Amino acid sequence: MKIIITEDQYKMMTEENLRRLCYAVWDKQKKKGEEPHLDDVIYDITGVIKNTREDLDTIRPIWYEYNGGFDVLYDKVKNKIDTKEYKLIEPDFNLDTIIKVVNLEIVGYFVEMMVDVDPRGTMKFQGWDEETDQEYIVNDTIDAAYHEALSNYEGGDFMGMIRSVVYDFFYNLLEKYGIPIEVDVDLEEIHGAQFGINENTQKLY
């Protein structure tokens, strides 16, 4: 006897199998004394690519359900970072500054974060000496780097780089909660942050 099921019934069966897989992985993590997390094995088995729309539509809702709901995880994220200050260090740019989360908002699938980056922090960047017609590398404030970028019509690229560094910092910090984030940044002095007077150094090519 041939059994015919509807597309909706097939979808429900597929979702239930996926739920069983995810729960089995997370329960196993608990039994091993680990904190449940979005293990890559789930994505390897299902073929779903992490942080894609398919992930947000399929894996993440099950993850939220397992943890008591999106709001439960959001509250954990909020308690972890809202209005908190962090020291940000990025070796590639020799970047060293203070950042502060000033606003959190749920927008669709994401938690959108507004982060102030103290421009008195320092970083390494390239400049151009018009008198000698030479490029140089200088270690100066983020504010100086930003204005150097503006003078070269590269202000947008500069802020994009800062945003990327800040995003990576918070992605690593919050990955265990499994909530996708979006980050925007602004260059604002953070009250109380201490910065010494750095002696600028530059090296001609």
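(A) How the structure looks around the pairing of strand β5 (residues 134-141). Direction of pairing for strand β4 (residues 122-129) relative to β5: antiparallel, over a ladder of eight bridges. Residue pairing in the sheet places K124 in a bridge with N139 of β5. Between β4 and β5, which pair antiparallel and follow one another directly, the connecting turn spans four residues, one of which, D133, has a positive phi of 55 degrees.

(B) Up close: the packing of helix α5 (residues 142-151) against helix α6 (residues 155-174). As a packed pair, α5 and α6 sit with axes 7 Å apart at the nearest point and diverge in direction by 145 degrees. Contact residues: I142, A145, Y146, A149 and L150 in α5; G155, F158 and M159 in α6. Across the contact of α5 with α6, the residue classes break down as seven nonpolar, one polar and no charged.

(C) Quick peek at the nonpolar core. Counting 49 residues, the largest nonpolar core has W26, I81, M113, V115, F158, V166 and F170 as its most contacted members. A total of eight residues in this core trace back to one element, the largest contributor, which is α6. When near neighbours in sequence (up to four residues on either side) are disregarded, W26 contacts P36, H37, L38, I42, I62, W63 and Y66.

(D) Just unusual backbone geometry, in detail. Despite not being glycine, N51 has its phi angle at roughly 70 degrees, a positive value. Structurally, N51 is set in the loop between α2 (40-46) and α3 (53-66). Not every positive phi belongs to a glycine, and Y153 is a case in point at roughly 60 degrees. Summarising the element assignment, Y153 is placed in the loop between α5 and α6.

About the cut-offs
Residues numbered from 1 in each chain as written. Predicted model: local features only at pLDDT ≥ 70, side-chain atom pairs only at ≥ 80, totals over all residues. Heavy atoms only, no water. Pairing = 2+ DSSP bridges. Helix = DSSP H or I, 4+ residues; strand = E, 2+ residues; numbered from the N terminus. Axes fitted to C-alpha atoms, helices over the stretch in contact; angles between N-to-C directions. Contact = heavy atoms within 4.5 Å. Nonpolar A, V, L, I, M, F, W, Y, C, P; charged D, E, K, R; others polar. Core = buried A, V, L, I, M, F, W, Y, C linked by side-chain atoms within 4.5 Å. Buried < 20%, exposed > 50% of the residue type's maximum accessible area, 1.4 Å probe, protein only.

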